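# Close look at the chain arrangement
As a plain string of letters, each chain reads:
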Amino acid sequence: MSERTARFRDVVAIGEFRVLWLAQVQSRMGDQFARVALALLVFDRTDSAAITALVYAMTLIPPLITAPLLVGIADRYSRRTVMVATEVIRAALSALMIIPTLPLPVLAVLVLLVTCPHPLFSAARTATTPRVLPGPLFPVGQGIMSASDGIAQILGFTLGGALVAATGSPHLAIAVNTATFTLSAIVLRLGLRPHLPDPDTAGTGTRSGFALAGIRYVTADRRLLGLAGMTWLFGCFVVPEALAVPYAAQTGAGDAAVGWLMAADVVGAAIGMILLARLGPSLRRNLTIPLAAATGVPLVLTLTGPSLPVTVALWTLSGLFGSYMVLAQVSFTELIPDGMRARAIGFAAAGLQTAQGLGMAFAGLLAEALTPSIAIALSGAAGSVAAVAVGLHARLHRAPEPPQAAPSEVMPRDAAAADTSTGRRERHARSRVPR
């Protein structure tokens, strides 16, 4: 099967992909229920754009610390077990957030704690996907996963906002998020094989050296670091989500519009990712920089705080261009050997979440000092300019060179050998590890 003949139905026909897909979609929907609830809850209690954006950002910042410490676990142990364990932990922490009388500082601490295990889950899931979808199926599957992830965010934002508006209870939306963590753990445990990491490409060394090997691997390669950097710049483009509540207040749109504002860029991203999923590697490479640079332009056009329909249209267009993310993520993942994959992806994912959190927090301060619309416009402009600089410096427009292994790593000599050895180990793992 060549990359041009990989079809959506070929990917969806694989049972383990459907398990990963279902677990991710419903869990993501629950996350957005919780984010809408937290934004409305905090803004209602404080009437502050800065504090609202800061609490929202706290759902994204902790991975800067936890990713280097945790993601190495997914390159040592069964990735299924890792994903299930993190979902159970997050369900337990989220359940505590349902308590209505919880003081705001305690709620903020729980927001931090429930976010801490996310890099480990994300790294384990993304590292598993190429094993479930070998060769040309992976780019298509990643596109499907990203597009449906966007659709789940749309439903989560809009339904979450509607639920809070109808019931007046943000805590009910948080309870929905708790249930999705639980369901995700059950689905993954019952429907996924263990998927032990490939020891031949996992590297050696002390515990701390093993955990940090992914960072060294990425930073030693200009192209890998550039691809990671392109995803981190999304921290500038996600600002509208954090400022949707104060932006709606500024423009007089009201609370009912918050869900639609939060969902606008996600709608565009879902459409863009579906369109990009079937592109060949050369075209994907050539579109990454232009799409990234274009993502911030529609945000700049919201400088004057236009009407709700115009804002939704512009933010949707920004999301469409923002689908460059799936192009960068696929290219990045394909260049990483299996045994190093969770740590490298965990580092990149942690950088992305941290960049999003810092971008939101800084934009919140700008919105407090100026206006939400100006803060969004400045963030978009900064992201577009930086995308061009990073892309050209990393030479992402050129054909990729084979990645160089770190001194302590052993790279497979060819893809066929890697697939064969992986298959033998997977069959052996299934004979020893119960489902």
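## Observations concerning the overall build of the chain
Tallying secondary structure elements over the chain gives 22 helices and 0 strands in all. Looking at the chain as a whole, 58% of its 435 residues qualify as buried. Surface exposure of the chain reaches about 17200 Å², of which carbon and sulfur atoms provide 69%.

## Points about empty space enclosed by the protein
Using the criterion set out here, one finds 2 cavities of 30 Å³ or more in the structure. Each pocket or cavity is described by its volume, and for the second largest cavity that value is around 40 Å³. Around the second largest cavity, the lining residues are Q24, S27, R28, D31, R90, H118 and F121. Taken together, the elements giving at least two residues each to the lining of the second largest cavity come down to α2 (15-46) and α7 (118-132). At 4 residues, the largest contribution of residues to the lining of the second largest cavity is made by α2. Class assignment for the residues of the lining of the second largest cavity results in 1 nonpolar, 3 polar and 3 charged.

## Here's the deal with unusual backbone geometry
The phi angle at H195 is positive, at roughly 55°, despite the residue not being glycine. Note on placement: H195 falls in the loop between α9 (170-191) and α10 (207-219). Overall, H195 belongs to the buried group, its relative accessible area being 1%.

## Some remarks on the pattern of salt bridges
Following the criterion strictly, the structure yields 7 salt bridges and no others. Where E87 meets R90, a salt bridge forms, and the shortest distance between an N and an O atom there is 2.4 Å. With E87 and R90 both in helix α5 (residues 79-96) and 3 residues apart, the pair spans about one turn of that helix. Accessibility assignment for this pair places E87 and R90 in one class, buried.

## Observations regarding the packing of helix α14 (residues 244-251) against helix α15 (residues 258-276)
Two numbers describe how α14 lies on α15: the axes approach to 9 Å, and their chain directions differ by 120°. Taken together, the axis directions place α14 and α15 in an arrangement best described as oblique. At the point where α14 passes α15, the crossing takes the right-handed sense. Across from A244, V245, Y247 and A248 in α14, the residues of α15 making contact are V258, L261 and M262. A class-by-class count of the residues in the contact of α14 with α15 yields 7 nonpolar, no polar and no charged.

## Structural notes on the nonpolar core
Ranked by internal contacts, the top residues of the largest apolar core, which has 65 residues, are M97, L243, W315 and Y324. Tallying contributions element by element places α15 first for this core, with 9 residues. Apart from residues lying up to four places away in sequence, W315 is in contact with P240, Y247, L261, A264, D265, L299, T302 and I376. If you look at the next biggest cluster of nonpolar residues, it comprises 28 residues, including A123, V140, A185 and L192.

## Some details on the packing of aromatic side chains
Tallied over the entire structure, the rule returns 5 aromatic pairs. Here the aromatic rings of W232 and F347 are separated by 5.6 Å at their centres, their planes lie at 80°, and the arrangement is edge-to-face. In this pair, W232 sits in helix α11 (residues 222-232) while F347 sits in helix α20 (residues 338-369), placing the two residues 115 residues apart along the sequence. Note on W232: relative accessible area 22%, which makes it partly exposed.

## A word on the side chain of T311
Along the polypeptide, T311 turns up in helix α18 (residues 308-321). By relative accessible area, T311 is classed as buried at 0%. Within the structure, T311 has its side chain in polar contact with the backbone oxygen of P306 (distance 3.2 Å). Residue contacts for T311: discarding those within four places in its chain leaves Y247, L261 and P306.

## Side note on the packing of α15 against α18
Axis separation between α15 and α18 bottoms out at 6 Å; the angle between their running directions is 40°. One finds that α15 runs oblique with respect to α18. Crossing geometry of α15 relative to α18 is assigned as right-handed. Contact with α15, carried on its side by L261, A264, D265, V267, G268, A269, I271 and G272, involves L308, T311, V312, W315, T316, G319 and L320 of α18 and no other residues of that element. Partitioning the contact of α15 with α18 into residue classes produces 9 nonpolar, 5 polar and 1 charged.

## Regarding a nonpolar patch on the surface
A surface patch of nonpolar side chains, about 240 Å² in accessible area, is lined by I151, L155 and L159. Taking relative accessible area as the criterion, L155 reaches 37% and is therefore assigned partly exposed.

## So, the environment of A242
Position of A242 among the secondary structure elements: in helix α13 (residues 239-242). Along the sequence, A242 and Q356 sit 114 residues apart, while their C-alpha atoms lie 9.6 Å from each other.

## Focus on the confidence of the model for the chain
Caution applies to low-pLDDT parts of the model: their predicted coordinates are not meant to be read in detail. With 83% of its residues at a pLDDT of 70 or more, the chain has an overall mean of 78. Low pLDDT (under 50) marks residues 402-435, which in the prediction has 46 contacts with non-local residues, meaning those over four places away or in another chain.

## Some details on the environment of M97
Tracing the chain through its elements places M97 in the loop between α5 and α6 (104-115). Placed 78 residues apart in sequence, M97 and A175 show a C-alpha to C-alpha distance of 8.2 Å. Discounting chain neighbours no more than four positions away, the residues touching M97 are L38, L102, L107, L110, V111, V114, H171 and I174.

About the thresholds
- Residues numbered from 1 in each chain as written.
- Predicted model: local features only at pLDDT ≥ 70, side-chain atom pairs only at ≥ 80, totals over all residues.
- Heavy atoms only, no water.
- Helix = DSSP H or I, 4+ residues; strand = E, 2+ residues; numbered from the N terminus.
- Buried < 20%, exposed > 50% of the residue type's maximum accessible area, 1.4 Å probe, protein only.
- Areas by Shrake-Rupley, 256 points an atom, 1.4 Å probe, with all protein chains shown as cover.
- 1 Å grid on protein atoms, 1.4 Å probe; cavity = no way out; pocket = protein on both sides within 12 Å on 5 of 7 lines; lining within 4 Å.
- Points joined across faces, edges and corners; volume = space filled by probe spheres on them.
- Nonpolar A, V, L, I, M, F, W, Y, C, P; charged D, E, K, R; others polar.
- Salt bridge = Lys/Arg side-chain N within 4 Å of Asp/Glu carboxyl O.
- Axes fitted to C-alpha atoms, helices over the stretch in contact; angles between N-to-C directions.
- Parallel < 35°, antiparallel > 145°, perpendicular 65-115°, else oblique.
- Left-handed = near helix turned anticlockwise from the far one by under 90°.
- Contact = heavy atoms within 4.5 Å.
- Core = buried A, V, L, I, M, F, W, Y, C linked by side-chain atoms within 4.5 Å.
- Phe/Tyr/Trp six-rings, centres within 6.5 Å; stacked < 30°, edge-to-face > 60°.
- Polar contact = N/O pair within 3.5 Å; in protein donor to acceptor, adjacent residues only side chain to side chain.
- Patch = residues over 30% accessible without salt bridge, like charges linked within 9 Å, V, L, I, M, F, W, Y side chains within 5 Å.
- pLDDT = per-residue confidence, 0-100.

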